[in-house]
There are 6 protein chains.
Amino acid sequence: MAARIILIVALLTLSSSRALASDPSPLQDFCVADFDSNVFVNGFPCKDPTNVTPDDFYISGLDKVANTDNDLGANITLVNVNRLPGLNTLGVAMSRIDYAPFGLNPPHSHPHSSEILHVAEGTLYAGFVRSNTEKGNILIAKKLSTGDAFVFPQGLMHFQFNLGDTNAVAFAAFGSQSPGLITIANALFGSKPSIPDYILSRAVQLGKTTVDWLQQQEWVDIAREY
Amino acid sequence: MAARIILIVALLTLSSSRALASDPSPLQDFCVADFDSNVFVNGFPCKDPTNVTPDDFYISGLDKVANTDNDLGANITLVNVNRLPGLNTLGVAMSRIDYAPFGLNPPHSHPHSSEILHVAEGTLYAGFVRSNTEKGNILIAKKLSTGDAFVFPQGLMHFQFNLGDTNAVAFAAFGSQSPGLITIANALFGSKPSIPDYILSRAVQLGKTTVDWLQQQEWVDIAREY
Amino acid sequence: MAARIILIVALLTLSSSRALASDPSPLQDFCVADFDSNVFVNGFPCKDPTNVTPDDFYISGLDKVANTDNDLGANITLVNVNRLPGLNTLGVAMSRIDYAPFGLNPPHSHPHSSEILHVAEGTLYAGFVRSNTEKGNILIAKKLSTGDAFVFPQGLMHFQFNLGDTNAVAFAAFGSQSPGLITIANALFGSKPSIPDYILSRAVQLGKTTVDWLQQQEWVDIAREY
Amino acid sequence: MAARIILIVALLTLSSSRALASDPSPLQDFCVADFDSNVFVNGFPCKDPTNVTPDDFYISGLDKVANTDNDLGANITLVNVNRLPGLNTLGVAMSRIDYAPFGLNPPHSHPHSSEILHVAEGTLYAGFVRSNTEKGNILIAKKLSTGDAFVFPQGLMHFQFNLGDTNAVAFAAFGSQSPGLITIANALFGSKPSIPDYILSRAVQLGKTTVDWLQQQEWVDIAREY
Amino acid sequence: MAARIILIVALLTLSSSRALASDPSPLQDFCVADFDSNVFVNGFPCKDPTNVTPDDFYISGLDKVANTDNDLGANITLVNVNRLPGLNTLGVAMSRIDYAPFGLNPPHSHPHSSEILHVAEGTLYAGFVRSNTEKGNILIAKKLSTGDAFVFPQGLMHFQFNLGDTNAVAFAAFGSQSPGLITIANALFGSKPSIPDYILSRAVQLGKTTVDWLQQQEWVDIAREY
Amino acid sequence: MAARIILIVALLTLSSSRALASDPSPLQDFCVADFDSNVFVNGFPCKDPTNVTPDDFYISGLDKVANTDNDLGANITLVNVNRLPGLNTLGVAMSRIDYAPFGLNPPHSHPHSSEILHVAEGTLYAGFVRSNTEKGNILIAKKLSTGDAFVFPQGLMHFQFNLGDTNAVAFAAFGSQSPGLITIANALFGSKPSIPDYILSRAVQLGKTTVDWLQQQEWVDIAREY
């Protein structure tokens, strides 16, 4: 049973990280994720359809202000297949983002989905950075107020910063059951084991001492705090 | 010029109606829809990338309560590629739904995307009907309160009804640049030209007189009212 | 064993209802559906390939006139993955439709495939209704004679009616292992449990008494009669 | 104008040859192929949707016995996007195959679609050859009678032979707007320019004299004879 | 255990033969193929992610000259999911091809991936044959020297021949975890059971005696020799 | 004409940056990119097929040691659709990477393709960092020698470092016509316009002075140096 739990945690972990805007298409009305299966496939196996209930398609709590008491002052509540099993094979997900005053959702990318973010409350500075081009990596950004929405193309590095001295809230729509999440600084400086400092030092043009110091810091995953 | 406008309207119209959860994948950072092109392709041709601006990825007004003064007491504000050109090729879209007290978003389907709906304000009764099965067409429904979310699988008939005597608001996430919309009653009774009454009469087990009367009614498209 | 049978029936039921024109692509020569597996995945798990035989790719009886002795005077013989296991992962299916004189294949949609129908015998009136557009829901229909074919785009509501006083026969080609089937009237009026009458009444502009009466009628699934 | 005609022929030619079971998904109700466009894209550009008519989705003549007066005694009437423009982006196609007594639809493959063939009249010996496996290239074949159907998985070499001394007729369903067609012997011995005889001789274990003789023969494309 | 081994061999065999350039998309970081699972799915089930190691993504020996001592004087070392389990769900594969002097990689096709071949050493004549077109089956070929690369479109028959009297080496890149391989002559003349000689004789315009003789020859699979 | 050139450069630029392992599928034998078209679509429009030549599928120079005289001591020679037009719609690409002694291919990601890298010469330390998981961002890395290959899953940050005091060479295979390239440090510190220092400072836990200094450095794109 302990083993089972470990398996499930691992599975959730693994599955939470990849899925394409073009998720493989559903081959039935639905395929509710079976978190108890010990068979691992691309995504999740399905529950026996005869046991499916409305609750498999239901989740609550998106009206709750999440805890933003961390160094970044932000919190991401992901609603992907790992939390809402009915999403399995359906190619869609969402999230709620809470921002403390001047809170930051740091540069990150979703390997498998584009995103539309709309501001429910507050004022944000949001943008994305294009991939390598002849003209370098171009920043496309804008100030957003309540009721505004902005698009972050799939796989590109993007961020939002709360410009106000009050809390802000935004909701994101994704075209995948698991948009995936790579927080850039965490992957770069916080990986376990570490990327060798002689590599990082050269990659980011910082001295090894600084790199070593950075690698000793805590790199919080604000999407893991639910 | 008039011709051009007609073309664009037609194109918007056409394109607003179909797209898959598995939209064809993007082959560049983005491909902002060029509504002025007279070339018609699957989706939209792209603007010259050198002319792309942050505003191509931006839209405002999602905080505005939409006009629900119609027979159904509801209004759908679609934010798809037709209104937000930056979504072209990115496989995601969203919408805001406003409900007057006891307002109804009537049975409809999105041919090309599943949906997650979350209730921002109010209390809804929401559900979807499964396709033909050995046990018939099964209704999977639930009462939703503020902060709750529910999933509607791709292509299945679904609806929401405002159970309260106050306004309600919900936001939907889609896995397509154009989830598409088929309002069942409108397609059945309001098509132009009409489906012959001898066919409809038999299909819905109603007398021709009733069918003729139904076909003379107005079938409002509450998603067209922006 | 009884449980196993129930499982299989449920699985067939579930799987018969969804699949995309863009079914996930095959990753081997074939993946013959294993109806005896108790693992549920998107589509079906495969039989041990070492046990595959020509009969897994074979079905007979498409020359038989099906029983059209029902209220609609029509019968659909589906040949999808549930009846022909060799179709699993291959993205194609077909069906035979029999029509009694003035028989009707009522308004329905295939959530996951477009269709080409060709008339083998008789004269049909066939058409589809476009999704919501600026100009409403447009009917595109035509009279078809023996040897004619017509296209029904994916997800759109369509129908065929036998204009003649003799039997008619047609064959349909689909781009999915399970095109899926939603008979509109059945989903609207025949769902179990029922869509509340106060919702349906408003949606179809009929009195609750009429709606209640409709919900008490039998809504036959002419595709289930094989 | 002559140039235009050449362009169109070339386009038809080119497009008739490839498309996947997983064709790119439609992004609107339909995208009727515009054969007059001088813009070349993956598939076809669309006609201005305001000019679409029911005839764009219609074709006739599938009841006609095709001319099988050729060395193989067979004829394939393809109904793909090149002949039925409404199929563009919809991922489905069909064909009628006529067989003279002992007529042969020779070994060929469809690069982009699986196939279900059903026998409308006559008796056929039909089969496909698996790709390279540990056990070699395995033939999976069966005798088919009127009303029987058989599956040919995507991309695999397959054939049908009329076992009877009377005409036979079959209809095929495909999961692509252009299943594509490669007649093996034609590609091997009939290519223009020729594959060098020192290569072919070694590949098929035949003397150069025999190969040269084979390359001088006519290799009829029975699917081009409509 | 013996049974298990047979299963795995069969599975490898089966899976090695099909996969699309558009493989179904990954739904997690990776899904390392579990060759020990007795569940068969499209592709492979995954190993328990908690047991994944760097070696699952690693293979060695691509610097070794493979044995080309066979009738064709060539050898294909496939690096697909069957040999490198970490490739499962990732849509990419590669191969090394060794050519003895005047060695031949005979006409073959990859049902599920296009290919780029680059010449690491030597001089090759390489080409592909287009599918059936109005102008027949067109050969597109070129002489390649060290450092040159050439493209073979998905599903089309192609070959390479070593023009030099020294060994040659090339490397191929594929857009699928299992590009698949159909050696034309092997499938045509070497299938088990055989395609009836009265069919082959007519298809390739050779006498039955010649066909029978061809069917008695050995048809080596140079990609099976690792 | 100048305008045309700018357009093309921009187009190349744009297109070089995104494409999925599951690129949209080809709908014809090939669709050679037409760099002169002023129509922008997802990927590229095609050349008139009647003008296609073998050279459209050909490129040379992969045997040339590229110039690694830059701060990182590495050089990436991309062979994607922008340099080899025949790759358009075919879902495959490759690259050659040259490493000076102790040269570094810095942490980067390919938004739209997984990669297999094989070492043609030298000794590399190569690895990738998993996306956010319960256990953080896990590094999966290994020392590679000549003839070894390693897999980098789609969208994940990865790198290679030349462990030797001699030049090294590797070749990569991709499952997309444009795998895309995001060099992490360049996107983070070198974007134009810059990401505000108050955002970066917080994201990477460095003082604004350091961030400002970093943003003033040159961030070379070693893949642009061909």
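Residues numbered from 1 in each chain as written. Chains lettered and ligands numbered in written order. Predicted model: local features only at pLDDT ≥ 70, side-chain atom pairs only at ≥ 80, totals over all residues. Heavy atoms only, no water.

**Section: the relation of the copies chain D and chain C**
For step 1, the next point in the chain: Between the two copies, chain D and chain C, the superposition gives an RMSD of 0.0 Å; the rotation angle is 180 degrees and the shift along the axis is 0.0 Å. The superposition of one copy onto the other is thereby described by a two-fold rotation axis. (Least-squares fit on C-alpha atoms with pLDDT ≥ 70 in both.)

**Description of the interface of chain D and chain C**
For step 1, the next point in the chain: If you look at the interface, chain D gives 49 residues, while chain C gives 49 residues.
For step 2, the next point in the chain: Between chain D and chain C the total buried area reaches about 3900 Å² when both faces are included, carbon and sulfur atoms providing 67% of it.
For step 3, the next point in the chain: Among the residues of chain D in contact with chain C, Asp29(D), Phe57(D) and Ile116(D) are the three that bury the most area, contributing 15% of the side total.
For step 4, the next point in the chain: For the pair chain D and chain C, the interface holds 4 salt bridges.
For step 5, the next point in the chain: Where Asp55(C) meets Lys142(D), a salt bridge forms, and the shortest distance between an N and an O atom there is 2.7 Å.
For step 6, the next point in the chain: Applying the counting criterion to the chain D and chain C interface returns 18 residue pairs in polar contact (both at pLDDT 80 or more).
For step 7, the next point in the chain: Counting residues per element, the ones that place at least two in the side of chain D that touches chain C are β1 (58-59), β3 (93-99), β5 (115-121), β7 (139-144), β8 (149-152) and β10 (168-174) of chain D.
For step 8, the next point in the chain: Looking at the side of chain D that touches chain C, the element that brings in the most residues is β7(D), giving 4 residues.
For step 9, the next point in the chain: Residues that form the side of chain D that touches chain C fall into these classes: 28 nonpolar, 13 polar and 8 charged. (Contact = heavy atoms within 4.5 Å. Buried area = accessible area lost by both parts, 1.4 Å probe. Salt bridge = Lys/Arg side-chain N within 4 Å of Asp/Glu carboxyl O. Polar contact = N/O pair within 3.5 Å; in protein donor to acceptor, adjacent residues only side chain to side chain. Helix = DSSP H or I, 4+ residues; strand = E, 2+ residues; numbered from the N terminus. Nonpolar A, V, L, I, M, F, W, Y, C, P; charged D, E, K, R; others polar.)

**Quick word on the state of the cysteines**
All names here are of chain C.
For step 1, the next point in the chain: Under the criterion given, the structure shown has 6 disulfides over all chains.
For step 2, the next point in the chain: Cys 31 shares a disulfide with Cys 46; S-S distance 2.0 Å. Note on the Cys 31 and Cys 46 pair: the S-S dihedral is about -85 degrees, so by sign convention the disulfide is left-handed. Residue Cys 31 is found in the loop between α1 (2-15) and β1 (58-59), and its partner Cys 46 is found in the loop between α1 and β1; the two are separated by 15 residues along the sequence. (Disulfide = S-S within 2.5 Å.)

**Some words on helix α3 (residues 197-204) of chain C**
For step 1, the next point in the chain: Residues Ile199(C), Leu200(C), Ser201(C), Ala203(C) and Val204(C) constitute the buried set of α3(C).
For step 2, the next point in the chain: Count one or two residues on from α3(C) and you reach Gln205(C), which has phi positive near 55 degrees. (Buried < 20%, exposed > 50% of the residue type's maximum accessible area, 1.4 Å probe, protein only.)

**Some points on the domain arrangement of chain A**
All names here are of chain A.
For step 1, the next point in the chain: Taken domain by domain, chain A comprises domain 1 (21-180) and domain 2 (184-225).
For step 2, the next point in the chain: Using only C-alpha atoms to locate each centre, domain 1 and domain 2 end up separated by 24 Å.
For step 3, the next point in the chain: Contacts between the two partners involve 13 residues from domain 1, matched on the other side by 5 residues from domain 2.
For step 4, the next point in the chain: Both sides of the domain 1 and domain 2 interface together cover about 750 Å² of buried area, and 62% of this is carbon and sulfur.
For step 5, the next point in the chain: Summed over the shared surface of domain 1 and domain 2, the number is 0 salt bridges.
For step 6, the next point in the chain: The interface formed by domain 1 and domain 2 holds 2 residue pairs in polar contact (both at pLDDT 80 or more) in total.
For step 7, the next point in the chain: Every element with two or more residues in the side of domain 1 that touches domain 2 is listed here: β2 (74-79) and β4 (104-109).
For step 8, the next point in the chain: Element by element, the count of residues in the side of domain 1 that touches domain 2 is highest for β4, at 5 residues.
For step 9, the next point in the chain: Of the residues that constitute the side of domain 1 that touches domain 2, the class distribution is 8 nonpolar, 5 polar and no charged. (Domains from an automatic or database assignment.)

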